[in-house]
Amino acid sequence: MDVPYLSAILFLPLVGAAMIAGIPGDRRMAIRQSTLAVTTLHLLLALPLWWIYEPEGAAYQFVERVPWVEAYGIEYHLGVDGVSVLLTLLTLLVMPLAVLGSWRYIQEHVKEFHVLLLVLTTGMLGVFFAVDLFVFYVFWELMLVPMYFIIGIWGGERRIYAAVKFFLYTFVGGLIMLVGILALYFYHEQATGTFSTSLVDLVALDVPGGLQTWLFLAFALAFAIKVPMFPFHTWLPDAHVQAPAAGSVILAGVLLKMGTYGFYRFAMPLFPEATRTFLPVIAVLAVIGILYGAMVALVQPNVKKLVAYSSVSHLGFVMLGLFAYTATGIQGSVIQMINHGISTGALFFICGMLYERAHTYEIDRFGGLSASMPVFATIFMIVTLSSIGLPGLNGFVGEFLILVGVFGSHPWLAGLATIGVILAAYYMLRMFGRVMFGPVGEESEGLPDLDRRELAILVPLVALIVWIGVYPKPFLERTAPSVDRLLAEVRVDAEPAGDLLAGTDEALEEEAR
Amino acid sequence: MERLLWLVPALPLAGVLFNGLLGRRAGKGVVSWVGPGVVGASFAVVAATFFALTGLPNGERALHQTVYTWLAAGDFSAEIGFLVDPLSATMMLVVTGVGFLIHVYSVGYMEGEDAAGFARYFTYLNLFTFAMLLLVMGDNLLLLFVGWEGVGLCSYLLIGFWFSDRDNAEAGKKAFIVNRIGDFGFLIGIFLVFWSFGSVAFADVLPDAAATLTPGGPLAFWICLFLFVGAVGKSAQIPLYVWLPDAMAGPTPVSALIHAATMVTAGVYMVARTHALYELAPAALAIVAGIGAATALFAATIGLVQTDIKKVLAYSTISQLGYMFLGVGVAAFTAGIFHLVTHAFFKALLFLGAGSVIHALHGEQDMRRMGGLSRMGMPITYWTMLAATLAISGIPPLAGFFSKDKILWKTWDAGHPVLWAIGFVTAGLTALYMFRLFYLTFHGEFRGSDEEAENVHESPPSMGVPLIVLGVLSVVGGWIGIPAAIGEPLGGIGNAFEGWLAPVFEAEVHGAAAEHAIPPIEYGLMAASVAIATLGLLGAWWAYVRDPKLPERLSLRFRALYELLRGKYWVDEIYDFLVVRPYRALSRFAWRVVDDGLIDGLAVRGTGRLVEFGSGVASRWETGYVTSYVLVFFGGALAVLAYYLLG
Amino acid sequence: MIGPGHFLTLSAILFTVGVVGVLTRKNAIIVFMAIEIMMNAANLAFATIATTMGDLAGQVMVLLVIAVAAAEAAVGLAIIVAMFRHRETVNVEAFNLMRG
Amino acid sequence: MSPEIQTLLEAHRMVRPSVFAVLPALVMAITAAIVLLADLFELGTTRGAAEGEEGRNIVAPWLALVGALLGLGAVVWQATRLEAVAGSYFNGAIALDGFGVFLSGVVVVATILTLLLTIRYCARHSIQLAEYYHLILMSSIGMLLLVQGAHLVMIFLGLELMSVGVYILTGFRRTRLRSVEGALKYFVMGAFSTGFFVYGIALTYGATGSMDLAEIGQRILAGPPSAMLLAGVGLLIVGFGFKVALVPFHMWSPDVYEGAPPPITGFMATGVKAAGFAAFVRVLMSTFDALADEWVPVLWVLAVLTMFVGNVAAIRQDDIKRMLAYSSIAHAGYLVVALVAHNPLGAASFLYYLAAYTLMTVGAFGVVVVLSERGDEHTSISEDYAGLAYRYPMLGAAMAVFMFSLTGIPPTAGFVGKFIIISAAVDAGHAPLAVLLVIASVISAYYYLKVVVAMYMTSSERGPATARVGASATIAILIAVAGVLGLGVFPGEWIEMARTSVSGLAVGGGTVPLP
Amino acid sequence: MSPVDLAFWILAALAVVASVAVIVHRNPVWSVILLVVTFFAQAGLFVLLHAHFLAVIQVLVYAGAIMVLFLFVVMLLNLGGPRWFEVAPTPLVVVAVALGAAFVGVLVVGGLPQFAPAAEGPAAAIPRDVAGSVEAIGSALYTAYYLPFLTTALLLLVAMVGAVVLARRER
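What you see is a predicted model, and the numbers here were worked out from it, not measured in a lab.

Asker: Could you give an account of the overall build of chain E, with specific residues and numbers?
Answerer: On a plain count of helices and strands, chain E comes out with 7 helices and 0 strands. Listing every helix and strand of chain E by position from the N terminus yields α-α-α-α-α-α-α. The C-alpha radius of gyration of chain E comes to 20 Å, more than 25% above the 16 Å expected for a compact globule of 171 residues. Principal-axis analysis of the C-alpha atoms gives chain E an extent of 55 × 45 × 30 Å. For chain E, with 171 residues in total, the buried portion stands at 49%. Taking the contacts inside chain E whose residues are at least 6 apart along the sequence as the reference set, 62% of them involve residues at least 24 apart. A total accessible area of about 7800 Å² is found for chain E, and carbon and sulfur atoms account for 74% of it.

Now the structure itself:
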C-alpha cells in the first residue's frame, strides 16, 4: 500500500487539534461542533479498515516502515493486525461519542478539552499501530499526558489526587518497561549484531530463560498496572470517579485495553517461555481480580466507583482468557476487550447522564428513576445486562468463550471465575435496582428522560451490544488468524479438544518438570 | 415446514420489537391485539409443525433448521439452530398454547395500567415467550442456555414489574441472582460437555454419550450433577427454591405463565433433553430423584400454613416440580414430562383463577380476608378453580391423577419405596392444602370489608375464556396419557403420550416392555393414592368448612411445628445469616481493609509517605547555615578519599 | 634529611588547618582567611613537587593560584561588605533566610 | 641569557598557538571589553532620573547579545572545519575537538538564551548595567575555556573565571538580602571547594608529573595507580562534584539558586553545569579512562545519592527556583549515570542529554524570569503559578512542555535523553542503576506535575498580574520549546551529532562500535 | 641536622602554629596579622625549595596586597573583638578537628610522606636555583602557559569589576 493510510489515521487528530486550537476559546459551540466533525470524519476515514483488512493476509498490514533514529536502529514502523483493527475502530467510535457526551458536561476551558481529546486519540492509536517497541513506548507515554489533564482539569473534587496517582502509576510501569525494552534491544544486538527495536525482529529472538523472566516481569508490570490487574488496580477507582464522563469512558473504553493489548501483542510473543512460567501466577491473579473486583464493587456507595471495580473484574476475565493459551480463550479475550469498551463505556456515559441531572454519583440518593425516565431505563437495563453477561448480548460472548477456553487448561480456575458471573449479577442488579427501582429518591424527582443528543450517544453502543451478542462472527473472523498466529508464536500446541485430562493442572505441572 | 421453524420464535420477537419500540405510542388497543396475537400466530405455526411431525413416521420425527453459526472461536463452535422432536414439540405446544391463553387473560388483568406500562408488560411477556421457545427449540446446550438466561431475565423484569415498590424489585433481583447460582452449575456442565465431546450440539453429544463417557463414571456423574444444579436453580428445588415464593410479587398472569406453567419446568425439560447423559450416571439420577422427592414434601408442608393465596400456589408449584424431578430422577422421563404438561394446565389455571379472585378483590391476596366467594357471583372462577383443585389433588379422572400416579408408580416400580412413600404422603398434603385454599377462598363467611364485598365481580371475558379453556384441559388433559393399567381394561385405549415421546426416550430403562404385564400392585397403589387424596380433601373440608376453629386449635397445640412451617423453616433467614451477610461483610472487608487499607493505604500511599518523609529529612539537612554545608561537603570529600586510600 | 615528603605532609597539615578553620568559624573574614591557608597549602605542594622533579609547571601554577586567590579575595571581601550593609555583621550564621 | 634558560625556552617553545582554536572565547572577550569601554564612555547610558537612582545602560545588553551570537557563529565555524583543524593548541592547554565544540555550542546557546531572558528583568529591577552583561560574557568565556581545556591549569583557570563571574552575578541585586546571602554561600562553598580542587590537581601533578591531560593519560598507563594519584582523582571528583552539584557536595545549590536573580539561576543551572560537566567528563572519561575501575564505583554511589536526594528533596519545595535547583541536582545525577556507563554510548548520551537538559531548564527558568519581572519575584508554585495557564496560555503550555520534558515524557528531548542514558547504562551492564534512575524519575514526576497541577488545575486570586510577555523572552522561550520538541521528535540527527562528537574522545577503549 | 633541616622545622612550626592561631583567635585584626606570619613562613619554605621568585611573589602579593585588603576590610567594617584565643570544645569543633585529623591521617597513610617524583621535568638538569629564578618562570609563563596567563588577566578584570559592583554604595 503506497498511501500512508495508518499515518493518515494516526495524525488526522493532531491536524484537527491544531485547527481547533485556532478557534477563539469563547466560541464553545463551534469548538464542540468542529471536534465532533473531526472525530466523525476520523471514524469515516478509518472505517474502511473493517473491510480492506484481510484477516487471512499478512501478520501486519498497511505497514509503514521508515527509519527514525537510525543510530539506534529505531524505525517508525506501523502495522495492524486483526486485533488492532478492532481496537482502532472501537477507539474511533468512542471518540465522537465522547465529544457528544461532553457537550453539556464540559463548560469550562472548552477548547483545551477538545484539543486534548484529539491529542489523546493520536496517542491511543499510536499504541495500537506501533510495531516498533520504541514507537510503542513513545505513544504509550504520550497518551498519558492528555488523560492526566482531562482528569486533573475537568475532574471532580479530588481530581488532582486522582490525576497524579493515575500518572505516577502508569509512569512507573512504563519506565520499568523501558528498561526492559532496552535490555531486549541490547540482547538482540548481542545475538545478531544489529540494532533493532522492531517487534518483528525481536520476536524472532530466542531469549534465554533467566533474562526472559526479568524482561517479562518488566513488561508485565507496565501492562498489569494499565489493565489493571489485582493488586495494581487502586489507581483506577480514583481516576474513574474523578474523571469527567468522557474521560471515564475513554479510560474504560480504550486505555485499559492497552494493558491487555500489550500482553497480547508484546509480552506474550516476545517472551513465550516466561509467559508460560508465569502463567499460573497471572491466571490466579486474574481470577482473584475477577472475584475481588466483584466483591468490592458490591459495597460501593458510588455508581462510578462500582463500575470502576466492575472493570477490575471484567478485565480479570480478559487476562484469564489471554492466559488460557487456547485459541478459544484468547479470541474470547479479544472480544471481551471490545465488549468491555462498549459496555463499560456506555455505563460511564450513563453515569455522566445521571450526574448531569442529579449532580451526584451516590447510589442511595437515587431511586425510582424508571418511572420518569423509561427510555433511559431501557437502555441502562440493556447495558447492565450486557455487563452481567446475559446471553444474546455482547458480554456473554466474550465471557463464555474465555471460560470455555480456560476450562480446557485450568478447570479449577475457570470454575472459580465462573463464580464471578454470579457475583456480577449481584452487584450490578443491586445498583441498577437501587437507582432505577423502588420509591423515587431525593435527587430523582422528575428528572427528564434522554434527549436526542444522549440517544445519539447510547443507541450506537446499544446496537453494538446487541450486534456482537447476536452475531459476533464478523468480529471473531477478523481476529482468528491473528490469534492463531500468536499461538503459533508462543509455540504451544493447542490442547486437543475432548481430552479433558490433558488440560488439567497436573498435566501442566508434569510438563513443567 | 422445516424451513419455517424460525418463525416460531421470530413471531414473539417481532412482538417484542413492536411493543417495545412503538407500543407506547400505538396505544393499549393495538398492543392488546399485537401482544397476544403474535403468540397466537406462533401457536398456529407450532400446531402446523406438530401436525407435520405427526405426519412423519415414528422414529423419524425430527425437524432441524440451522439459522447461522453464532459462536465459533478456536475449537469451539455453536450455532443458532432449532431442533423439533416430539419432546420439544410438546414443550412448544405448552409454551405457545398456555402462553397464548395467558396473554389473552393479561389483556383483561392489566387493563389498569397506563399505555406505557401496558406496552412494557407485553414486551416482556413476548420476550419471555421468545426466550422460552429458544430454550425448548435450541439444538444445542448453549442455545438452551441462552433461552434459559433469557427467561430468567424476563422473570426478573416481570417480578419487578411494579418496580416502585422496593420489595418487588428486590424479589426480582433475588430471583435472578439465585438463578445465576444455578446457572453457574449449568455453565460448568456445558464446559464439561464441551471438553468431553468437543461439541455442545445435541446431535453430537446425545448419540455419542454412551460411547464417550463411561457409564457410571465420574465424568458422567459430574456433568449431570452440574447440569442439575442449573435445573435446581431454575426449577426452584431445594436448596435454591427460595426465589420462587418471592417471585409472586409479579403480576398474577406472570406467575401463571412463568412461575407455574413454563419457565420453572425448564429444568425438568433440560434433564429430559439430556436424558442420554443422565442414564449414564445413575448416582446423579438418584440425587435428582432424592432432591425432587424432598422438595415435594418440604414445599407441601410449608404450603399448608401459608395465608397468601399466591404463596400457597407458589409452594404448591415447588412441590409439584419436585414430583416432576422425582419422575425424571427414576428415569421415568415420559412421566415427568407428562406431569409437566398437566401441571401447566391446572397450575396456570389455579394462578389465573387466583388472579381473578385478586382482581375481584382489588388486589387482596390474603385468604384470611376472603371467603364465601362462591356465593358472590363468580361462577366461572369458582368452577374452573374447583376443576383445577381436583386435578392437582389427583382425583380421577382429572388430569393430575394420571400424571401424578404415573410418577408414583414408576418410582415404586424403579425400586424406590421410600421415595414413593414421600410422594404418597405429599399427594395427601397436596389435596389438603389445595382444598384449604379452595375452602378459605370460596366457602365460609366473607371476611373482608363490606365495601369490598359489594365490589366483587366476575372477570371480563378476556379473562374468563382462558379460564374455561384451561378448565377443560385440566379435566381432559390427562386422557392423552392414560396408563395401560386403566386403558387396557377400558378397551385398549393406548397411552398416546407415551407413544408420542417414545422415539425421544427410546432408551428409557423402564420401556414399553414393562407395560405389557400389568402388575396388580399398580392398581393397589393407584387406589391408595386416590384414597389419600380424598382423605386430604375431606380433612380440608373438616377443618375449614365444618369446624373452622380447628386449625387455630391445632396451631396452638403444635405450636413449635406451626411456627416452623409458618416461618418456612427459616431458610431465608438461614441463608441470609450464612451466605448473604458473610459475603457482604467479606466484601466490605475487601474494600475497607484490603483495598483502602493494605493495597492503597500501606503500599501505595505508604510509599508516597515514605518519600515525603525522606523529603523532610533531606530538607532538614539543608539548614541554611553555610557551616553545616561545609561540614557535609568535607564529610563527603573525606569519604571519597578514605575509599581510595584506605579501601 | 628533610625531603619532599616532609613538605607535602606539612602542606597537608596546613590544608587541614584551613579546612578546620572553615568548618569551625562563623566570622566570614576568618573563613576567607582559612581558605587562603588552604590555597597556600596547595601552593606549597605545587612548589615542592615542581622543585623535586625539576618542572616549571608547578611553579607557574603557584603563580596562577596566587592570582586566583587575589581575585577571589577581592570578590569575597566585596561580598562581605555587601552583606555587612544588610545585617551589620559578618557572622555567616546570620544569613540563613534560605533553607530547606 | 644563560644557557640554562635557553634550554628551558627550548623546552617550553610555544606549540600551535591559534586564534581560531579560541575564536569563540576571543570574540566574546572582545565584546566584553567593548561593553565595558562603551559604558566608560557613557555610550547608551542614561542617568537615573531621581537622585540616588542607578543609571542604566540600554546598549550593553544588545552588544552582549551580538557578541554571544558572534561567539555562536565562531562555534559553528569551528564545527564546520572541525575535521581539518581538530587537535590540541597552545601547548596542549586547550583541545579543539567535537566534544568541546558541541559543548561550546551548548554553553553559547545557554548564554544567548540567558541574555534574551534577562534584558527585561534587568530593566524592571534597575540592574541594567554594563557590568552585568560584561560578567555574563566573562563567565561564558570561562565556560568555553573549561569546555575546551585540556590541561589542568587551563581547566582550573576556566573554572575560576566562570565561578568568580557567577559569584558576582548571584549577588548582583545587592540590595536584596537573598541575593547577597546566595552570593556569600556560593562564594564560601566555591572557594572552599576550589581549595580541594587545587589540592587535587597538586596530588595528580605529583603522582604523574604532569598537568597536561594527554600526558597524564599516557603516564597512568605505566602501572597500577599510586595512592597519591587516587587521592588526586578523588579530590578532583570532589571539586567537579561541587561545580555540578553532586550529593553530598550539592548543599549550596538550593540556597544559591533561590537567592540569585532568576536569569542567573537559569544560567547557573545550564551554562555552569554544562561546562563543569564538560571538564568532568573530559578528565574522567578521557584522561582517567584507564582508571575507570577506580572511579566508576564512586560515581555510581554519587549518582544514586544525587538522583534520590535531589528528587526526594524537591518534592516539598514550593519555591520554584528551589524546586528547580533540586531538580537540576537530580539531573546531574542522571548525567553521572551516563558517565558511569563509561562507554561511547554513554559519552554520546551525555552530550545529548546535556543539550536537552540545557534547553528545557533554560526554558523553565525563562518562564520563571518572565513571572518575576514585576515587583516581587513570584516564585511560589502554589500561589503564583496557580491558574497560570489560563492567564498566560502560551506561557503555561510552554512550562508544561518543559515540565514534561524534565519528567521524561515523549515526545520531548528529555525523554529521548533519558532513553539513551538508560540505554547506555543497560548496555554497560548497569541495569540496576538504570532501574534506580527510573525510580528516581518517577519520584521526580511528582513535583514536576505539581507545577502543572498548579498551572492548570488550581486557581488563585494572588499571583502576578497579567501583562504582556517581552519579545526577547518570548523568543528565548520559543527557541527552547522548539528545541525541546525538535530534539524529541527528530532525535536522529542530534544523536548522530553527539555520537560523532565523542569520537575524538578516547572513551572505554574507544573501539566499541556505537549503535 | 643540617641548617636547612633546622630552618624547615622552624618555618614549618611557625606556619602551623600561626595558621592555627589564625583560626582560633577571636580578633580578626590579630588573625590577619597572624596570617601574614604564616605567609612569611611559607615564603621561607619556598626559599628552602629554591623557588626564590615564588617567595618574593608570596611576600609581595599575599602579605603585601591580599592581607592589606583583608585588614582594610576588617578596619572598614570596624570588626573589633577580644584579644584572646578561644578554643571552646563545642561539638562542632570536636567533629571538625576529628574530621581534619582523619583527613591528614588518610593522606599520610595513603603515602603522601613517601612521595617520589614520577618523572623528570624539563628543568631537572638545571640547577635548582636557576629553575626558581624569574627568568626560568618567565620562560615557561610566556610560552607554554601563555593562554592560562592571559586568562588570569581576564580573571583579575572580572574580580575588579565584581568588587566594584558589589561593594559600591547603595543608591
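Asker: How would you explain the overall build of chain B if you had to name every residue and give the values?
Answerer: Helix and strand counts for chain B come out as 28 helices and 2 strands. Referenced to the eigenvectors of the C-alpha coordinate spread, the extents of chain B come out at roughly 120 × 65 × 55 Å. Looking at chain B as a whole, 61% of its 647 residues qualify as buried. Of the contacts formed within chain B by residues at least 6 apart in sequence, a portion of 80% connects residues at least 24 apart.

Asker: Any chance you could break down the pattern of salt bridges for me, citing the residues and the numbers?
Answerer: The full count for this structure, using the stated rule, is 34 salt bridges over all chains. Put simply, D600 of chain B and K165 of chain A hold a salt bridge, and the shortest N to O gap is 2.7 Å. Remark: K165 of chain A occurs in helix α8 (residues 159–192) and D600 of chain B occurs in helix α27 (residues 571–621); the pair is interchain, linking two chains. Overall, the relative accessible area of 4% leaves D600 of chain B in the buried class. Judged by relative accessible area, which is 6%, K165 of chain A ranks as buried.

Asker: Any chance you could break down unusual backbone geometry for me, citing the residues and the numbers?
Answerer: Between V227 of chain A and P228 of chain A the backbone carries a cis peptide bond, its omega angle lying at -10°. Considering the arrangement of structural elements, one finds P228 of chain A in the loop between α10 (209–226) and α11 (235–242). The amide bond that connects V247 of chain D to the next residue, P248 of chain D, takes the cis arrangement and shows omega of 5°. Tracing the backbone shows P248 of chain D in the loop between α10 (227–243) and α11 (252–259).

Asker: If you had to explain the packing of aromatic side chains to someone new, which residues and values would you point to?
Answerer: Evaluation of the coordinates by the stated rule reveals 113 aromatic pairs over all chains. Measuring from ring centre to ring centre gives 5.2 Å for Y382 of chain B and F442 of chain B, while their planes differ by 75°; the resulting arrangement is edge-to-face. Of the two residues, Y382 of chain B is situated in helix α16 (residues 379–393) and F442 of chain B in helix α18 (residues 417–442); the sequence distance between them amounts to 60 residues. Neither residue differs from the other here; Y382 of chain B and F442 of chain B are each classed as buried. Taking the centre distance of 5.2 Å and the plane angle of 80° together, the rings of Y132 of chain D and Y133 of chain D count as edge-to-face. The same class applies to Y132 of chain D and to Y133 of chain D, which are both buried.

Asker: So what's going on with the interface of chain B and chain D? Residues and values would help.
Answerer: Between chain B and chain D, the contact holds 23 residues from the first and 34 residues from the second. Across the chain B to chain D interface the summed buried area is about 2500 Å²; carbon plus sulfur atoms make up 77%. Together, E622, F633 and Y644 of chain B form the three largest contributors to the area buried by chain B at its contact with chain D, with a combined 31%. Our enumeration of links across chain B and chain D arrives at 0 salt bridges. Along the contact surface separating chain B from chain D lie 5 residue pairs in polar contact (both at pLDDT 80 or more). Going through the elements one at a time, α27 and α28 (626–646) of chain B are the ones with two or more residues in the side of chain B that touches chain D. Looking at which element gives the most residues to the side of chain B that touches chain D, the answer is α28 of chain B, with 13 residues. Each residue belonging to the side of chain B that touches chain D can be placed in one class, and the counts come to 15 nonpolar, 6 polar and 2 charged.

Asker: Explain the pairing of strand β2 (residues 74–80) of chain A residue by residue, including any values.
Answerer: Residue and element names in this part refer to chain A. Among the 7 residues that make up β2, 7 are buried, leaving the element largely enclosed by the rest of the structure. Two elements, strand β1 (residues 61–69) and β2, share 6 bridges in a ladder whose sense is antiparallel. Residue pairing for β2: P67 is matched across the bridge by E75. Between β1 and β2, which pair antiparallel and follow one another directly, the connecting turn spans 4 residues, one of which, G73, has a positive phi of 70°.

Asker: I'd like to hear about the arrangement of the chains, residue by residue, with values.
Answerer: With 8 pairs of chains in contact overall, the greatest share of contacts is found between chains C and E. Separated in space, chain A and chain C share no contact, their closest pair of C-alpha atoms being 24 Å apart. Chain A makes no contact with chain E; the smallest distance between any of their C-alpha atoms is 38 Å.

Asker: Requested: an account of the environment of L103 of chain D, with residues and values cited.
Answerer: Residue and element names in this part refer to chain D. Position of L103 relative to the elements: it lies in helix α5 (residues 98–124). Relative accessible area serves as the criterion here: at 0%, L103 is assigned to the buried category. For the pair formed by L103 and A231, sequence separation is 128 residues and the distance between their alpha carbons is 28 Å. Among all residues touching L103, those that are not within four sequence positions of it are V147, A278, F350, L351 and L354.

Asker: For a nonpolar patch on the surface, give the residues involved together with the corresponding values.
Answerer: Where nonpolar side chains cluster on the molecular surface, the patch consists of W570, I574, F577, L578 and V579 of chain B and spans about 530 Å² of accessible area. Along the chain, V579 of chain B turns up in helix α27.

Asker: Would you mind going over the interface of chain C and chain E in detail, with residue names and values included?
Answerer: Between chain C and chain E, the contact holds 67 residues from the first and 80 residues from the second. Taking both sides of the interface into account, the surface hidden between chain C and chain E amounts to around 6300 Å²; carbon and sulfur atoms contribute 80%. At the boundary of chain C with chain E, the tally comes to 0 salt bridges. Applying the counting rule to chain C against chain E returns 13 residue pairs in polar contact (both at pLDDT 80 or more). Going through the elements one at a time, α1 (4–24), α2 (28–53) and α3 (57–87) of chain C are the ones with two or more residues in the side of chain C that touches chain E.

Asker: Report on α5 of chain D, specifying residues and quantitative values.
Answerer: All names here are of chain D. The end-to-end C-alpha distance of α5, which contains 27 residues, comes to 40 Å, matching closely the 39 Å that a straight helix rising 1.5 Å per residue would cover. Within α5, the axis deviates most sharply at T118, by approximately 35°. By the criterion of burial, α5 is predominantly enclosed, with 23 of the 27 residues buried.

Asker: For the side chain of T204 of chain D, give the residues involved together with the corresponding values.
Answerer: All names here are of chain D. Relative to the elements of secondary structure, T204 occurs in helix α8 (residues 177–208). A distance of 2.7 Å separates the side chain of T204 from the backbone oxygen of G200, its partner in a polar contact. Excluding residues within four positions of it along the chain, T204 makes contact with L152, G209, S210, I216, L229, G232, V233, L236 and F288.

Asker: So what's going on with the confidence of the model for chain B? Residues and values would help.
Answerer: Scored by pLDDT, chain B comes out at a mean of 89, with 98% of its residues at no less than 70. Below a pLDDT of 50 lies the segment residues 508–514 of chain B, which in the model reaches 10 contacts outside its immediate sequence neighbourhood of four places, other chains included.

Asker: For helix α13 (residues 272–298) of chain A, give the residues involved together with the corresponding values.
Answerer: Residues and elements named next belong to chain A. Between its first and last C-alpha atoms α13 spans 37 Å; for 27 residues at 1.5 Å apiece the expected length is 39 Å, and the two agree. A maximum bend of about 55° is found in α13 at F278, where proline P280 lies one to four positions downstream. Burial within α13 is extensive, with 19 of its 27 residues counted as buried.

Asker: How would you summarise the packing of α10 of chain D against helix α12 (residues 262–286) of chain D if you had to cite specific residues and measurements?
Answerer: All names here are of chain D. The interhelical angle for the contact between α10 and α12, taken along N-to-C directions, is 160°, at an axis separation of 9 Å. The angle between the axes of α10 and α12 places the two elements in the roughly antiparallel class. Crossing geometry of α10 relative to α12 is assigned as left-handed. Judged by residue contacts, V233, L236, I237, F240 and K243 of α10 engage V272, G276, A279, F280, V283 and L284 from α12. A per-class count over the contact of α10 with α12 returns 9 nonpolar, 1 polar and 1 charged.

Asker: I'd like a description of the packing of helix α7 (residues 144–154) of chain A against α8 of chain A, backed by residues and values.
Answerer: Residues and elements named next belong to chain A. The contact between α7 and α8 brings their axes to 7 Å, and the two run at 160°. Compared by their axis directions, α7 and α8 come out roughly antiparallel. Both α7 and α8 take part in a crossing whose hand is right-handed. Here α7 contributes L144, V145, M147, Y148, I151, G152 and I153 to the contact with α8, which in turn contributes R159, A162, A163, V164, F166, F167, T170 and F171.

Asker: Could you give me a rundown of the layout of surface pockets, with the residues and numbers involved?
Answerer: What the second largest pocket holds in volume is close to 1600 Å³. For the second largest pocket, the lining is made up of 50 residues, of which V115 and V119 of chain A together with A397, V401 and L485 of chain D are closest to its centre. Going through the elements one at a time, α1 (5–21), β1, α5 (110–129), α6 (133–142) and α7 of chain A together with α17 (388–391), α18 (393–407) and α21 (471–489) of chain D are the ones with two or more residues in the lining of the second largest pocket. Residue contributions to the lining of the second largest pocket peak at 8 residues, all from α18 of chain D. Looking at the lining of the second largest pocket residue by residue, the class counts come to 43 nonpolar, 4 polar and 3 charged.

Parameters at a glance
- Residues numbered from 1 in each chain as written.
- Chains lettered and ligands numbered in written order.
- Predicted model: local features only at pLDDT ≥ 70, side-chain atom pairs only at ≥ 80, totals over all residues.
- Heavy atoms only, no water.
- Helix = DSSP H or I, 4+ residues; strand = E, 2+ residues; numbered from the N terminus.
- Rg over C-alpha atoms; globule rule 2.2 N^0.38 Å.
- Buried < 20%, exposed > 50% of the residue type's maximum accessible area, 1.4 Å probe, protein only.
- Contact = heavy atoms within 4.5 Å.
- Areas by Shrake-Rupley, 256 points an atom, 1.4 Å probe, with all protein chains shown as cover.
- Salt bridge = Lys/Arg side-chain N within 4 Å of Asp/Glu carboxyl O.
- Phe/Tyr/Trp six-rings, centres within 6.5 Å; stacked < 30°, edge-to-face > 60°.
- Buried area = accessible area lost by both parts, 1.4 Å probe.
- Polar contact = N/O pair within 3.5 Å; in protein donor to acceptor, adjacent residues only side chain to side chain.
- Nonpolar A, V, L, I, M, F, W, Y, C, P; charged D, E, K, R; others polar.
- Pairing = 2+ DSSP bridges.
- Patch = residues over 30% accessible without salt bridge, like charges linked within 9 Å, V, L, I, M, F, W, Y side chains within 5 Å.
- Expected span 1.5 Å × (residues − 1).
- Bend = angle between axes of the 7 residues up to and from the residue.
- pLDDT = per-residue confidence, 0-100.
- Axes fitted to C-alpha atoms, helices over the stretch in contact; angles between N-to-C directions.
- Parallel < 35°, antiparallel > 145°, perpendicular 65-115°, else oblique.
- Left-handed = near helix turned anticlockwise from the far one by under 90°.
- 1 Å grid on protein atoms, 1.4 Å probe; cavity = no way out; pocket = protein on both sides within 12 Å on 5 of 7 lines; lining within 4 Å.
- Points joined across faces, edges and corners; volume = space filled by probe spheres on them.

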